[in-house]
Amino acid sequence: MNNDGIFDIESRLLLEALQQVYGYDFRDYAESSLRRRLLNWLSGSGFANLSEAQGRLLRDRNLLDQFVCGITVNVSEMFRDPLFFRAVREQVVPHLKTYSFVKIWHAGCASGEEVYSMAILLREEGLQGRYRIYATDVNEEVLSKAREGIYPLKEMQRFIRNYQKSGGQHDFADYYTARYDHAMLMPELKKEIVFAAHNLAVDADFGEMNMVVCRNVMIYFKAALKERVLELFDRALLPGGFLCLGQKESLEKRGVAGNYDELARGTRIYVKRYLQS
Amino acid sequence: MSNATCNPDKRVFRVVVLGVSTGGVQALKRLLGALPADFPLPILIVQHISPEAGNGLARLLDELCAIRVKEADEEETMEPGCVYLAPPNYHLLLEKDAVLSLSSEPPVNFARPSADVLFESAAAAFGRGVIGIVLTGAGYDGGRGLQRIQEEGGLTVIQDPVEAEAPSMPEHALSLVAADHVISLELLPALLQLLAGRHSEQGEPS
Ligand SMILES: C[S@@+](CC[C@H](N)C(=O)[O-])C[C@H]1O[C@@H](n2cnc3c(N)ncnc32)[C@H](O)[C@@H]1O
């Protein structure tokens, strides 16, 4: 058997073991991307192969957290896909405003850029004090970055451009203070956000949400896991609630598709029907 | 594939993967424009493109070419006679079960999509069944991935850098890989038809 074949066997064994020891379940992640991430992690880890790493990973929680961070894709941006945020501002917020209080779940929030973007947008639209965001991720390392809300200053230019393209009218510089080469987001933005660890592959849902945002998370999952996660969201969402997916993710062909209408074609914002089919 | 017998090479190919950058739109018009609608393999393409670009290129090529051209969707199963372009700002990868997947991992070689990412996944998934092609482009994307394709027994094709609008991608690939074919764009459609196991019905492109 060649090295590739052995690597595939080792990675299957490792994922199985991690599931049994920690309940972290990566067995249903799309293989080619996971394989890249595993190879990447391994090459910087000092271990010669995954079998060698396995013994330590099963016993050393810190190493495990670092591993989880290494094999998941955590890149994010503020106001990533500006047209999505524009659609939220123009087409979703008017509905949200009709509620006295709005609950939003950002699943797979990574280091928080998307969550803070939403908070900025909601405040600009006058929803301050009338919403709560539950921001969850499987990955403790990115969650602690998210809680801090501090980003490299050099990223701000892109974030500002995104913000403006998304229809933002304010001076974005009001939302952060620059310190050396970092930008610290305004602490008030955190007030209405609850950050928590949550694993979409194994944990239960959060209830009674008006909106669920889960973008660029399920693209790494195989079909069966996507179905599980969408059912989770479906249980969490109130009728009339909004399900927001990434640019290249769609409900088409999914089990829950019949319960939703897309807000406008291509927005990847789906509205949950009142009458379930 | 039963008609693979007229393939001069003994391998039975399952997929064509192609990386191209600067000069790519022209090159793709010429290449894809010369392939028939029933070309027997799926073709996956990474064309470097601005992250903000829409799916305009896929639509344009689809209009111009007999073969079907579309932007790749997540979890789509690749089919013969169809060209899949990586969407702007996502890496395109190929799974063992012929399903396409997307990823927003950081850029590789300053590129997202990156040809190396596509090629490496194709090599791991389909080994000897892969035809890898590097065309015109600035930068260094594609060479490393082409090397992986060769290591796994796939077939490698590089555009002759002499005629490439931007020679650095083909040159870099050539420095890493003893390619099976170094070829002009003009002859590439006919080569692909041969490799895919059928002769061009219209004869050689003129
Ligand atoms: C590419 S980021 C998406 C960030 C943000 N939503 C965006 O679109 O910019 C994907 C995130 O999903 C998280 N993730 C992966 N598997 C997960 C799981 N099973 N449960 C919860 N989060 C998960 C990763 O840790 C990572 O932070």
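You'll find the structure just up there.
Just so we're clear, the structure is a prediction, and the values are computed from it rather than from any experiment. (Residues numbered from 1 in each chain as written. Chains lettered and ligands numbered in written order. Predicted model: local features only at pLDDT ≥ 70, side-chain atom pairs only at ≥ 80, totals over all residues. Heavy atoms only, no water.)

**Side note on the overall build of chain B**
So the rule is basically this: A helix here means a DSSP run of H or I that spans at least four residues, while a strand means a run of E at least two residues long, and both kinds are numbered starting from the N terminus. Only protein chains enter the accessibility calculation, which uses a 1.4 Å probe; a residue whose area is less than 20% of its type maximum is buried, one above 50% is exposed, and one in between is partly exposed. The contact rule is simple, with two residues in contact once any of their heavy atoms fall within 4.5 Å. Surface accessibility in these figures is a Shrake-Rupley result with a 1.4 Å probe; residues are shielded only by whichever protein chains are displayed. Charged-residue counts in this description rest on Lys and Arg as positive and Asp and Glu as negative, His and the chain ends being excluded. The atom standing in for a charge is NZ when the residue is Lys, CZ when it is Arg, CG when it is Asp and CD when it is Glu.
Looking only at helices and strands, chain B has six helices and nine strands in total. Its C-alpha atoms give chain B principal-axis dimensions of about 40 × 35 × 35 Å. Put simply, chain B has 206 residues, and 58% of those count as buried. Pairs at least 24 residues apart make up 68% of the contacts formed inside chain B by residues separated by at least 6 positions. Just so you have it, chain B exposes about 8,000 Å², and 52% of that area is on carbon and sulfur atoms. Seen as two clouds, the 14 positive and the 27 negative side-chain charges of chain B have centres 4 Å apart.

**Remarks on the sheet that holds strand S4 (residues 82-85) of chain B**
Residues and elements named next belong to chain B. Formally: Being paired, for any two strands, means DSSP has found at least two bridges between them. For helices, the fitted line uses only the C-alpha atoms of the stretch in contact; every axis is such a line through C-alpha atoms, and the angle between N-to-C directions lies from 0 to 180 degrees.
Across the sheet, seven strands lie side by side as S3-S4-S2-S1-S7-S8-S9; this open sheet has parallel pairing. Every interior strand has two partners, whereas the edge strands, strand S3 (68-71) and strand S9 (181-183), have only one. Strand-to-strand twist in this sheet, taken as the mean axis angle between neighbours without regard to direction, amounts to 20°. Pairing between strand S1 (residues 15-20) and strand S7 (residues 130-134): five bridges, direction parallel. Bridging across to S7, Val15 finds its partner in Val130. With respect to the sheet, helix H5 (residues 168-176) is in contact with S1, S7, strand S8 (155-159) and S9, its orientation differing from that of S8 by roughly 140°.

**Some words on the site of the ligand**
All names here are of chain A. Note the threshold: Nearness here has a simple test: a residue counts as near a molecule or strand if at least one of its heavy atoms is within 4 Å of that partner. Contacts described as polar in this section are N or O atom pairs within 3.5 Å, which, within protein, must combine one atom able to donate a hydrogen with one able to accept it, while residues neighboring in sequence count only if both atoms come from side chains. Cavity and pocket criteria rest on a 1 Å grid covering protein atoms alone: a 1.4 Å probe that fits but cannot get out defines a cavity, protein on both sides within 12 Å along at least 5 of 7 lines defines an open pocket, and an atom within 4 Å of a point defines a lining residue. Just a note on the criterion: a molecule sits in a pocket or cavity if more than half of its atoms are within 2 Å of the grid points. In the scheme used here, Gly and all other residues not listed as nonpolar or charged are polar, with Ala, Val, Leu, Ile, Met, Phe, Trp, Tyr, Cys and Pro taken as nonpolar and Asp, Glu, Lys and Arg as charged.
Around the ligand sit 22 residues in total, of which Tyr29, Ser76, Arg80, Asp137 and Leu200 are the nearest. Here a nitrogen atom of the ligand and a backbone polar atom of Leu200 are 2.8 Å apart. When the ligand is considered free in solution it has 600 Å² of accessible area, and contact with the protein chains removes 99% of it. Most atoms of the ligand, that is more than half of them, are within 2 Å of grid points of the largest cavity. Of the residues in the shell around the ligand, the class split is nine nonpolar, nine polar and four charged.

**Remarks on the side chain of Glu105 of chain B**
Positionally, Glu105 of chain B belongs in the loop between strand S6 (100-103) and helix H3 (115-126). Looking at Glu105 of chain B, its side chain comes within polar contact range of the side chain of Arg36 of chain A, at 3.3 Å. Once you skip the residues sitting within four places of it in the chain, Glu105 of chain B turns out to touch Ser33, Arg36, Arg37, Val73, Val75 and Tyr220 of chain A together with His91 and Arg112 of chain B.

**Some points on the packing of aromatic side chains**
All names here are of chain A. Defined as follows: Stacked, tilted and edge-to-face pairs are distinguished by plane angle, under 30 degrees for stacked and over 60 for edge-to-face with tilted covering the rest, among Phe, Tyr and Trp rings (Trp via its six-membered ring) whose centres lie within 6.5 Å.
The tally for this structure, following the rule as stated, stands at 18 aromatic pairs over all chains. Their ring planes at 75° and their centres at 6.4 Å tell us that Tyr151 and Phe159 sit as a pair that is edge-to-face. Residue Tyr151 is classed as buried on the basis of its relative accessible area of 3%. An aromatic cluster of three or more residues is present, and its members are Phe79, Phe84, Phe85, Tyr163, Phe172, Tyr175 and Tyr176.

**Considerations on the nonpolar core**
Stated formally: The criterion is simple. A nonpolar core is a set of buried Ala, Val, Leu, Ile, Met, Phe, Trp, Tyr and Cys residues joined through side-chain atoms within 4.5 Å. Each domain's extent was defined by an automatic or database domain assignment.
Judged by nonpolar contacts, the single largest core of 78 residues is most densely connected at Trp41, Trp105, Phe233 and Leu243 of chain A together with Leu44 of chain B. A per-element tally of this core places H3 of chain B first, with seven residues. Each of domain 1 (3-71) and domain 2 (82-272) of chain A accounts for three or more of the residues forming this core. Non-local contacts of Trp41 of chain A, meaning those with residues more than four positions away in its chain, are made with Phe47, Leu50, Ala53, Leu57, Leu63, Gln66, Phe67, Gly70 and Ile71 of chain A. Counting residues in each nonpolar core, the second largest holds 43 residues, with Phe85, Ile133, Tyr175 and Ile193 of chain A among its members.

**Remarks on the environment of Tyr274 of chain A**
Residues and elements named next belong to chain A. Take Tyr274: it is sitting in the segment after strand S10 (269-272). On the basis of relative accessible area, Tyr274 is assigned to the exposed category, the value being 62%. Separated by 36 residues in sequence, Tyr274 and Leu238 have C-alpha atoms that sit 8.6 Å apart. Dropping the residues within four chain positions of it, Tyr274 is found in contact with Tyr99, Pro239 and Gly240.

**Examining the state of the cysteines**
To keep it simple, the criterion reads: Throughout, disulfides are identified as pairs of cysteine sulfur atoms within 2.5 Å of each other.
Enumeration according to the criterion identifies zero disulfides over all chains in this entry. Looking at the unpaired Cys69 of chain A, the closest cysteine sulfur is the one in Cys109 of chain A, lying at 12 Å.

**Considering the packing of helix H5 (residues 82-96) of chain A against helix H8 (residues 156-165) of chain A**
All names here are of chain A. Note the cut-off: Every angle not falling under 35 degrees, over 145, or within 65 to 115 is termed oblique; those three ranges are roughly parallel, roughly antiparallel and roughly perpendicular. A crossing counts as left-handed when the near helix is turned anticlockwise from the far one by less than a right angle, and as right-handed when that turn is clockwise.
Packing of H5 against H8 brings their axes to within 8 Å, and their N-to-C directions diverge by 40°. By the angle class used here, H5 and H8 are oblique. As H5 packs across H8, the resulting crossing turns out to be right-handed. The residues of H8 that touch H5, namely those facing Pro82, Arg86 and Arg89, are Asn162, Tyr163, Gln164 and Lys165. Taken together, the residues that form the contact of H5 with H8 break down as two nonpolar, two polar and three charged.

**Some details on helix H4 (residues 143-151) of chain B**
Every buried residue of H4 of chain B is accounted for by Gly143, Gly145, Leu146, Arg148 and Ile149 of chain B. Two residues or fewer after H4 of chain B comes Gly153 of chain B, characterised by a positive phi angle close to 95°.

**A few points about the packing of helix H1 (residues 3-22) of chain A against helix H2 (residues 31-45) of chain A**
Residues and elements named next belong to chain A. For the pair H1 and H2, interaxial distance at closest approach is 12 Å and the crossing angle is 90°. When the axes of H1 and H2 are compared, the pair comes out roughly perpendicular. Residue-level inspection shows Asp4, Phe7, Asp8, Ser11 and Leu15 of H1 in contact with H2, the latter providing Leu34, Arg35, Leu38, Leu39 and Leu42. Residue composition of the contact of H1 with H2, by class: six nonpolar, one polar and three charged.

**Some remarks on the sheet that holds strand S8 (residues 237-245) of chain A**
All names here are of chain A. Spatially, S6-S2-S1-S7-S8-S10-S9 is the arrangement adopted by the seven strands of the open sheet, whose pairing is mixed. A single partner strand is all that each edge strand has here, and the edge strands are strand S6 (193-197) and strand S9 (260-262). Direction aside, neighbouring strands of the sheet carry axes that sit 20° apart on average. In the sheet, strand S7 (residues 209-214) pairs with S8 via five bridges, with the strands oriented parallel. Opposite Met211, over in S8, you have Phe242 as the bridge partner. Across the sheet, helix H6 (residues 113-124) touches strand S1 (102-107), strand S2 (131-137), S6 and S7, and the angle it forms with S2 is around 170°. Set on the sheet, helix H7 (residues 140-148) makes contact with S2 and S6; between it and S6 the angle comes to about 165°.

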